[in-house]
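The chain contents come next:
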Amino acid sequence: MGKQFRVLQVGCGGISNSWLTALTGREDVIIAGLVDLHKNHAQDKKDKFNLSCPIYTDFEVAIEEIKPDLVIDNTIPEIHHRVVTTALNAGCHVFGEKPLADSIEHALDMVKTSATTNKSYAVMQNRRFLKDIRSFQSIIANQQIGALGFLGASFYIEAHFGGFRDLMDSPLILDMAIHTFDQARFISGCDPVSVYCHEFNPPGSWYKGNASAVCIFEMTNDVVFEYNGSWCAKGSVTSWECDWRAMGSTGAAGWDGKSLPWYETNSDPNNRFPSDYDKHVVDIKSNAATGHAGCIEDMMNALIKGVPAQTDCKDNIKSLAMVMAAIKSSQEQRKVYLHELIDLS
Ligand SMILES: NC(=O)c1ccc[n+]([C@@H]2O[C@H](COP(=O)([O-])OP(=O)(O)OC[C@H]3O[C@@H](n4cnc5c(N)ncnc54)[C@H](O)[C@@H]3O)[C@@H](O)[C@H]2O)c1
């Protein structure tokens, strides 16, 4: 058997179930400790996953005593900077939940700390690792619709969360759009250049802040990515993965986030307004792990090989910057260039 990584799990709330399910199923991982501010949260996970490790309420004490190889950060966004920089400076690698950080300033400091300590910080983007998104991405990557010119994503959900999201200024963009923006980078293979974002709170909304938004991103390779979404849709809802449309130089592709993606090509050249195309449904038929387990598999493989994971912080900061630039654009009512926030070189 290869190396076994001693893992410290920090934050034992809702999402830690997905992490611990994947991690406890791996032979290259030993859960060496659990941390949560609320001791009963850590104890619940210890019992649920039948673990024999110690539990802590202070992550700094736990890192000092356990000396883990790898820290899992499943705390809330405001705490990510403290957990990640403490762990990196203590010589640990870190895998953390999205978002990378709660601000661009914190994100830049975390990327810098990862570089100076020569330790990995990789961020969970589970929606990149769904089987059907990989089929959709393969249509674009294999140029089955030619050169990509436009990518559109619609996100309409009627979400009655209650709690903090109902009171946030930008619940849709700040809390959810990171998933879609990161998906758009994955699908298109392009990086963001600029954004114009208009946030609004439509009639009937039960949110205090702006629960709907439209964004136009200019991407590299002259691709335009358009996002429109709402947390307060009263019908005609989409999947949580979005409803996608891609336009290429020789065809079009779509994915509703629920069924297999498809593309259409070859219209009748003699018809001035064609409506019949050859339709192809695409299924990459992969047995690879999906969702959280798939992203963790990629992170672990990268760690073992000593290469950056697909969602390494140095790359993932571009997805976070799309969120922060969209909010800046909405607040300042102007087009914002990503280079105003981060160095894209
Ligand atoms: N990838 C996804 O699909 C997905 C889904 C949900 C949440 N998330 C992300 O996961 C993270 C956690 O979300 P959640 O839904 O599990 O939240 P949660 O509130 O259920 O859990 C967070 C836990 O962290 C603990 N915690 C807070 N501060 C701490 C500290 N200083 N030290 C130790 N423990 C601390 C809390 O006590 C709580 O048990 C967030 O960043 C969130 O955005 C991702």
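The shown structure was predicted, so the numbers you read here are calculated from the model rather than taken from an experiment. (Residues numbered from 1 in each chain as written. Predicted model: local features only at pLDDT ≥ 70, side-chain atom pairs only at ≥ 80, totals over all residues. Heavy atoms only, no water.)

Asks: Honestly, the UniProt feature "domain: Gfo/Idh/MocA-like oxidoreductase N-terminal" (unreviewed entry) in the protein chain in this entry has me stumped. Any pointers?
Replies: UniProt marks residues 5–123 with the feature "domain: Gfo/Idh/MocA-like oxidoreductase N-terminal" (unreviewed entry), using the numbering shown here. Across residues 5–123, the secondary structure splits into 45% helix and 22% strand, with the terminal C-alpha atoms separated by 18 Å. (UniProt positions renumbered as here; feature names shortened; annotations may be inferred. Helix = DSSP H or I, 4+ residues; strand = E, 2+ residues; numbered from the N terminus.)

Asks: Can you walk me through the UniProt feature "domain: GFO/IDH/MocA-like oxidoreductase" (unreviewed entry) in the protein chain in this structure?
Replies: In the numbering used here, UniProt assigns the feature "domain: GFO/IDH/MocA-like oxidoreductase" (unreviewed entry) to residues 138–251. Structurally, residues 138–251 is divided into 18% helix and 35% strand, and its ends, taken at the C-alpha atoms, are 14 Å apart.

Asks: Help me out: how do you make sense of the environment of C313 in this one?
Replies: Within the element layout of this structure, C313 appears in helix α10 (residues 313–332). In sequence terms C313 and V7 are 306 residues apart; their C-alpha atoms lie 19 Å from each other.

Asks: In this structure, what is going on with the packing of aromatic side chains? I would like to understand it.
Replies: To describe a pair of aromatic rings, you give the distance between the ring centres and the angle between the ring planes. For the structure on display, the rule yields 11 aromatic pairs. Ring geometry for F181 against Y227: centres 5.3 Å apart, planes inclined by 85 degrees, an arrangement best described as edge-to-face. On the criterion of sequence distance, the pair formed by F181 in helix α8 (residues 177–188) and Y227 in strand β10 (residues 224–230) is long-range, its members being 46 residues apart. Look at F181 and you get buried, because its relative accessible area is 0%. Under the relative-accessibility criterion, Y227 is labelled buried at 0%. Against the face of F5 rests K3, its NZ or CZ located 5.1 Å from the ring centre. (Phe/Tyr/Trp six-rings, centres within 6.5 Å; stacked < 30°, edge-to-face > 60°. Buried < 20%, exposed > 50% of the residue type's maximum accessible area, 1.4 Å probe, protein only. Lys NZ or Arg CZ within 6 Å of the ring centre and 35° of its normal.)

Asks: Honestly, the pattern of salt bridges in this entry has me stumped. Any pointers?
Replies: Pairing between side chains of opposite charge can happen when their charged atoms approach one another. Counted according to the given criterion, the structure contains 19 salt bridges. For the salt bridge of K131 with D132, the shortest nitrogen-to-oxygen distance reads 3.4 Å. You can call K131 partly exposed: its relative accessible area is 27%. For K131, the salt bridge identified is with D283, shortest N-O distance 2.8 Å. A residue pair is termed long-range when its members are at least 10 positions apart, and K131 in helix α6 (residues 131–141) and D283 in the loop between β14 (278–281) and α9 (291–305) qualify at 152 residues. Salt bridges sharing partners connect three or more residues here, namely R128, D182, R185, D191, D315 and K318. (Salt bridge = Lys/Arg side-chain N within 4 Å of Asp/Glu carboxyl O.)

Asks: How do you make sense of the site of the ligand when you look at a structure like this?
Replies: In the region of the ligand, 22 residues are neighbours, and G14, D36, H41, K98 and N126 sit closest. The side chain of H41 places a nitrogen or oxygen atom 2.7 Å from an oxygen atom of the ligand. In this structure, an oxygen atom belonging to the ligand sits 2.9 Å away from a main-chain N or O atom of K98. In isolation the ligand has 850 Å² of accessible area, and contact with the protein removes 78% of it. Sorting elements by how many residues they give to the shell around the ligand places helix α4 (residues 77–89) first, with three residues. Of the residues that constitute the shell around the ligand, the class distribution is seven nonpolar, 11 polar and four charged. (Near = heavy atom within 4 Å. Polar contact = N/O pair within 3.5 Å; in protein donor to acceptor, adjacent residues only side chain to side chain. Areas by Shrake-Rupley, 256 points an atom, 1.4 Å probe, with all protein chains shown as cover. Nonpolar A, V, L, I, M, F, W, Y, C, P; charged D, E, K, R; others polar.)

Asks: I would appreciate a short explanation of the sheet that holds strand β7 (residues 148–156) in the present structure.
Replies: With mixed pairing, nine strands are arranged side by side in an open sheet as β14-β13-β12-β11-β7-β10-β9-β8-β15. Strands with a single pairing partner mark the edges of an open sheet, and in this sheet they are β14 and β15 (336–337). Taken strand by strand, α6 contacts β7, β11 (243–248), β12 (251–255) and β13 (262–265), and its axis lies near 170 degrees from that of β12. Relative to the sheet, α10 contacts β8 (192–200), β9 (212–219), β10 and β15, its axis offset from that of β8 by approximately 50 degrees. (Pairing = 2+ DSSP bridges. Contact = heavy atoms within 4.5 Å. Axes fitted to C-alpha atoms, helices over the stretch in contact; angles between N-to-C directions.)

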